[in-house]
Amino acid sequence: MEEKEIVLQETTVLPAIALRGLTIFPNVLIHFDVGRETSIKALEEAMASGKPVFLVAQKDITVDEPGQEDLYTIGTISNVRQLLRMPGDNVRVMVEGVTRARLLALTKTESYLEARVEEIPEEKSVRVSPKTEALIRSTYEMFQQYAELAPKLSPDLIINVLASEDPGYIADYIAQNIAMRNRDKQAVLEELRPVRRLERMYRLLTREVEIMALDMEIQNRAKEQMSENQRDYYLREQMKAIQSELGEGNEDTEIMEYREQIAKAKLPEEVRKKLEKELDRLAKQGYSSAEAAVLRNYLDVCLELPWSKKTKEHINVETARKALDRDHFGLEKVKERILEFLAVKQLAPDLKGQVICLVGPPGVGKTSIAMSVAGALNRKLARISLGGVSDEAEIRGHRKTYVGAMPGRIIAAINQAGSSNPLMLLDEIDKLGSDHRGDPSAALLEVLDAEQNSTFRDHFLELPFDLSDVMFITTANTTSTIPRPLLDRMEVIELPSYTDEEKLQIAKKHLLPKEMKRHGLNRRQLKVSDDTIRALITGYTKESGVRVLERKLAGICRKAAMKIVSGETTCVKAEPSDLKELAGVPHYYPERDALKERVGVVNGLAWTSVGGELLEVEVNVVPGTGKIVLTGNLGDVMKESAQAALSYIRSRAAQLGIETDFYKEKDIHVHFPEGAVPKDGPSAGVAITTAIVSALTGLPVRAGIAMTGEVSLRGRVLPIGGLREKTMAAKRSGIKTVIIPSENERDLEEIDQTVRASLHFVLAEHVDQVLAEALPPITPKAESQSMPETDLNMPESRNTARLKQ
């Protein structure tokens, strides 16, 4: 569209009217009511003088006596067509907009408003461009949509819009005749370019259509809901009238059904009275009331619970033994403990308060053992995962008055099992949390206490539920994070880590057949040798359980399935040499350096929640000023062990063949590799001592030796924990000799017999015994002959106490 320069005419002075909530456009005929005295006088002046009137909108409609700053700049010069006095002081006037004009100044404000304005002639378009034509058509379509949503709109308006091709007139006409915000209409009036004006009008019209569509949707939804509620009320009243005529009483069918369910259920007396009371409250409520919905939910939950339903328990030790042996390999002591537990149950069926806690590393079969026991006893299994639970309401439930309230996990598990005497498995009890919402471990105290759980009250039920017939089995990776009061209520059974030989048998008898069945393979299609499984265990897994091993076997099955399906072969034989292709590059390599003689490096043994680990201690001695540096992400206890070891070495420096002033002239750096892993505990004391002595004397530590034990300032070797896991780690790493505290001799009965037979154990009471076993003979310094012994508790015999298995 060609643009023309806007030429303004000379200014003129006209009577002015300030409009409130109204905007007048050119070429539009409109009538409105006038109430202010100044506006009425302006109209009378215009009629008397034959002049047009200048109509301009107010910015703030609350201002009664507007000044120039209260008025918009652009208004409309209009001719007064008709003036009609209404009852009272109001006047109805009909005006016709002529042209836009700009307000220059108010020349008079007394009696009525008079303004100096300059006329803004409308720009005339020479031709309509394709873009303008497209805009006009879009505006036509949008206005028709608006007309469909606004039923009170006159059909003549649509005809007048469709009959024009002037973009400026179309915008003005639509803006004048539809409901819009006053500032949006003023924005259209102030746009002097016709095409831009129509573009603005199109955007405003689109917004109005969207708002009206949403408004209509909301109204329709409200009408539908209202109609449905009225229909339900009408039908319900009819039903009541029919029942009354038939003499069937005033109780509706729902209340009668609840009463029948309460009568048929074998409920305790206290429960029955409570439910009948709640049912009477429900009968007095309106069907659609919020309280009625709460009561229905409460009655449904209570009536679904197995208050008196029990499964018949089959207690047979031999059956349980077969089930445990069928599902689990090894774990003989654990099985024996469980069978003893069942034997007592067989002799005393009414024995209450039996809670077992299975503690062991991940993947050793804690959860599956609980499932096997449930099957052997013919009890329903209800499993609850407690990992990450930090809200007490998860255990006890919420009050039924809360929106979305429900019972706690204990009652929900009972309901899910459908029996009041299930085997309830509380998984990961050591990973309970606590926060501002309460401590769930405290709520479990009542659940696991035989003296209290016969009247366990869930917050939702508000009724006592008997949990004394429930058999609880909990699982945990460690007991250190379980609160002591909770741990006292449970009988702890520890599950050890699997040895490599046990992993081999488990893989052959359980894991490999299971994975081959899952992947659709048979024994003719996939053959895995024992050596292959051993190589898989040592090179691709480093765990206490068998979960990673199972995933690796699944990966081999997938590779075999791919080869068979692609036609490469009909039978896959997995040998150790094929593992790199079938399972990838090995993740772990044997600790070759652990089996070498090295100066200042000792193999320590550490316990972790996933089993034992070989932990090297490295010591470097350099000339300096006597500083000691400890690195490797160590805890305070381990740092104190290093300080105790150094103090002991200083006290016996001459006897150990070390310069007595080494602590002045040497810097000692003690490092534990894998610095990203936090380490703490006192059991590395003897390893630190041996490593420092080796570094200071230059004597290499004998090959194939590992050690564990706490050291005192007097050189005594104190007992430690986790011996079973530590010895397994030593065997896995190829260690032949393990030095342990003499007070841990009793724990040798608890370790795996395969491990015990393959290792040479040395029992030590004093550090001198450890050094005599781990280092070559030490030559004391000459001055040491006159020095007294510093350890008055040294055994008379300096010979190393050995235990050869």
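Visitor: Would you mind going over the overall build of the protein with me for this structure?
Guide: When helices and strands are tallied, the protein shows 26 helices and 27 strands. Relative to its length of 805 residues, the protein is extended, with a C-alpha radius of gyration of 46 Å against a globular reference of 28 Å. Seen along its three principal axes, the alpha-carbon backbone of the protein occupies a region of about 135 × 90 × 65 Å. Considering the protein as a whole, with its 805 residues, one finds that 47% of them fall into the buried category. The contacts in the protein between residues at least 6 apart in sequence include a share of 74% that link residues at least 24 apart. Carbon and sulfur atoms provide 49% of the accessible area of the protein, an area that totals close to 40,900 Å². The averaged location of the 122 negative side-chain charges in the protein is 5 Å from the averaged location of its 109 positive side-chain charges.

Visitor: Is there a simple way to think about the pattern of salt bridges in this case?
Guide: Think of it this way: side chains of opposite charge can pair up when their charged atoms draw near. Counting across every chain of the model gives 39 salt bridges. The partner of Arg383 in a salt bridge is Asp427, with the nearest N and O atoms 3.0 Å apart. Pair noted here: Arg383 is in strand 8 (residues 381-385) and Asp427 is in strand 9 (residues 423-427), with a separation of 44 residues, a long-range link. Given the relative accessible area of 44%, Arg383 is considered partly exposed. The class for Asp427 is buried, based on a relative accessible area of 4%.

Visitor: When you look at the environment of Ile170 in this model, what are you seeing that I'm missing?
Guide: With respect to the element layout, Ile170 can be found in helix 4 (residues 167-177). According to the relative accessible area criterion, Ile170 is buried, its value standing at 1%. Residues Ile170 and Arg197 lie 27 residues apart in sequence; the distance between their C-alpha atoms is 9.4 Å. Here Ile170 is in contact with Ile136, Thr139, Tyr140, Val161, Ser164, Glu165 and Leu198, once residues within four sequence places are set aside.

Visitor: What is the right way to read the packing of aromatic side chains from this model?
Guide: We describe a pair of aromatic rings using the distance from one ring centre to the other and the angle between the two ring planes. If you walk through the whole model with that rule in mind, you get 5 aromatic pairs. Relative to Tyr173, the ring of Tyr169 lies with its centre 5.6 Å away and its plane at 35°, an arrangement referred to as tilted. Taken as a pair, Tyr169 and Tyr173 lie in helix 4 at a separation of 4 residues, close to a single helical turn. Residue classification places Tyr173 among the buried residues on the basis of a relative accessible area of 10%. Taking 6.0 Å as the distance between ring centres and 90° as the angle between the ring planes, the aromatic pair formed by Phe662 and Tyr663 counts as edge-to-face. With relative accessibility at 3%, the residue Phe662 sits in the buried group. Given a relative accessible area of 29%, Tyr663 falls into the partly exposed group. Here the guanidinium or amino end of Arg650 rests over the ring plane of Tyr663, the centre of that ring lying 3.6 Å away.

Visitor: What's the story with the sheet that holds strand 9 in this structure? I'm lost.
Guide: The 5 strands are arranged 8-9-12-7-13 in an open sheet whose pairing can be described as parallel. Across the chains shown, the open sheet's two edge strands, defined by having one partner strand only, are strand 8 and strand 13 (491-494). Here the strands of the sheet are splayed against their neighbours by 20° on average, with no regard to which way each runs. Looking at chain direction, strand 8 and strand 9 are connected through 5 bridges and run parallel.

Visitor: I would appreciate a short explanation of the confidence of the model for the protein in the present structure.
Guide: Detailed reading of the predicted coordinates is not advisable wherever pLDDT is low. On average, residues of the protein carry a pLDDT of 81, and 92% of them reach 70 or more. Across residues 1-8, confidence stays below pLDDT 50; counting only partners more than four residues off in sequence or on other chains, it has 23 contacts. Within the model, the stretch residues 783-805 combines pLDDT values under 50 with 43 contacts to residues more than four positions away or in other chains.

Visitor: Whenever I open this one, the side chain of Lys185 confuses me. Can you help?
Guide: Its place among the elements puts Lys185 in helix 5 (residues 182-190). For the buried Lys185, which has no salt bridge, the nearest side chain bearing the opposite charge is Glu208, at an N-O separation of 9.6 Å. Within polar-contact distance, the side chain of Lys185 engages the backbone oxygen of Ala175 at 3.4 Å. Contacts of Lys185, omitting those with residues within four sequence positions, involve Thr23, Phe25, Ala175, Gln176, Ile178 and Met180.

Visitor: Before we go on, may I ask you to explain unusual backbone geometry in this structure?
Guide: Among all residues save glycine, negative phi is the norm, and among peptide bonds the norm is trans. The phi dihedral of Ser111 falls on the positive side, at around 65°, and the residue is not glycine. Here Ser111 shows up in the loop between strand 5 (91-108) and strand 6 (113-120). Phi is positive for Asn633, which is not a glycine, with a value near 60°. Mapped onto the elements, Asn633 comes out in the loop between strand 19 (628-631) and helix 21 (636-651). On the basis of relative accessibility, which here comes to 38%, the residue Asn633 falls in the partly exposed class.

Visitor: Hey, could you run me through the packing of helix 3 (residues 155-162) against helix 4 in this one?
Guide: In a pair of packed helices, the angle between the axes and the distance between the axes together describe the arrangement. Contact geometry of helix 3 with helix 4 gives a least axis separation of 10 Å together with a crossing angle of 165°. Classed by the angle they form, the pair helix 3 and helix 4 counts as roughly antiparallel. The hand of the helix 3/helix 4 crossing is left-handed. Contacts between helix 3 and helix 4 involve Leu157, Asn160 and Val161 on the former and, on the latter, Tyr169, Ile170, Tyr173, Ile174 and Asn177. Its residues assigned to classes, the contact of helix 3 with helix 4 comprises 6 nonpolar, 2 polar and no charged.

Visitor: Before we go on, may I ask you to explain the pairing of strand 25 (residues 737-741) in this structure?
Guide: The two faces of the sheet receive side chains in turn, since in a regular strand these alternate between them. Taken across its 5 residues, strand 25 has 5 buried, putting it largely inside the fold. By the bridge criterion, 3 bridges tie strand 22 (residues 705-707) to strand 25 in an arrangement that is parallel. Note that in strand 25 the partner of Ala706 across the bridge is Val738. Two elements, strand 25 and strand 26 (residues 760-764), share 5 bridges in a ladder whose sense is parallel. Counterpart to Thr737 in the pairing with strand 26 is His760. Handedness of the crossover joining strand 25 and strand 26 through helix 25 (residues 753-758): right-handed.

Visitor: Just checking my understanding: could you explain the side chain of Glu616 for this structure?
Guide: As for its position among the elements, Glu616 is in strand 18 (residues 611-623). Here the side chain of Glu616 touches Arg598 through a polar contact of 3.1 Å, side chain to side chain.

Visitor: Any chance you could explain the pairing of strand 3 (residues 53-57) here in plain terms?
Guide: Among the 5 residues that make up strand 3, 5 are buried, leaving the element largely enclosed by the rest of the structure. Covered by surrounding structure in strand 3 are Val53, Leu55 and Ala57 together with Phe54 and Val56, the residues of both alternating faces. Alignment of strand 1 (residues 12-19) against strand 3, held across 4 bridges, turns out to be parallel. Within strand 3, the residue paired with Ala16 across the bridge is Phe54.

Visitor: Honestly, the environment of Lys503 in this entry has me stumped. Any pointers?
Guide: Of note, Lys503 is situated in helix 17 (residues 500-518). The class of Lys503 is buried, set by a relative accessible area of 2%. For Lys503 and Ser544, which are 41 residues apart along the polypeptide, the C-alpha to C-alpha distance reads 9.4 Å.

Visitor: Would you take a moment to explain helix 24 (residues 723-732) for this structure?
Guide: Because an α-helix packs 3.6 residues into every turn, residues spaced three or four apart end up facing the same way. In terms of burial, helix 24 is largely enclosed, as 8 of its 10 residues are buried. Of the residues flanking the end of helix 24, it is Gly734, one or two places downstream, whose phi is positive at about 85°.

Cut-offs applied
- Within each chain, residue numbers correspond to sequence positions counted from 1 in written order.
- Two thresholds apply to this predicted model, a pLDDT of at least 70 for residue-level local features and 80 or more for giving and counting side-chain atom pairs, whereas whole-chain, interface and lining totals are computed over all residues.
- Only hydrogens and water are set aside when side-chain values are computed; all heavy atoms of the structure are taken into account.
- What counts as a helix is a DSSP run of H or I of at least four residues, what counts as a strand is a run of E of at least two, and both are numbered from the N terminus.
- Restricting the calculation to C-alpha atoms gives the radius of gyration, and the globule rule supplies 2.2 Å times the number of residues raised to the power 0.38.
- When accessible area is computed with a 1.4 Å probe and restricted to protein chains, residues below 20% of their type maximum are described as buried, those above 50% as exposed, and intermediate ones as partly exposed.
- Note on contacts: a residue pair qualifies if any of its non-hydrogen atoms lie within 4.5 Å across the two residues.
- The protein chains shown are the only cover counted for residues, whose accessible areas, like all others here, come from Shrake-Rupley with a 1.4 Å probe.
- Charge assignment in this entry is limited to Lys and Arg as positive and Asp and Glu as negative, and neither His nor the chain termini are counted.
- Lysine's charge is taken at NZ, arginine's at CZ, aspartate's at CG and glutamate's at CD.
- A carboxyl oxygen of Asp or Glu within 4 Å of a side-chain nitrogen of Lys or Arg is what we treat as a salt bridge.
- Each Phe, Tyr or Trp ring (for Trp, its six-membered ring) is paired with any other whose centre lies within 6.5 Å, and the angle between the two planes then decides the class: stacked below 30 degrees, edge-to-face above 60, tilted in between.
- In our convention, an over-ring charge means Lys NZ or Arg CZ found within 6 Å of a ring centre and within 35 degrees of that ring's normal.
- Here, strands pair whenever DSSP counts at least two bridges between them.
- Between N-to-C directions, angles cover 0 to 180 degrees, with each direction set by a line fitted to C-alpha atoms, over the stretch in contact for helices.
- Each residue carries a pLDDT value, the predictor's own confidence for that position, ranging from 0 to 100.
- Identification of polar contacts relies on pairs of N or O atoms within 3.5 Å, with a donor-acceptor requirement for protein atoms, meaning one able to donate a hydrogen and the other able to accept it, and with residues adjacent in sequence counted only if both atoms are side-chain atoms.
- By the definition adopted for this analysis, an angle is roughly parallel if under 35 degrees, roughly antiparallel if over 145, roughly perpendicular if from 65 to 115, and oblique otherwise.
- Crossings are assigned a handedness: left-handed for a near helix turned anticlockwise from the far helix by less than a right angle, right-handed for a clockwise turn.
- Note that Gly is not counted as nonpolar here; it falls among the polar residues with everything else outside the nonpolar set of Ala, Val, Leu, Ile, Met, Phe, Trp, Tyr, Cys and Pro and the charged set of Asp, Glu, Lys and Arg.
- Throughout, right-handed denotes a crossover for which the path from the first strand over the helix to the second runs clockwise when the strands point away from the viewer.

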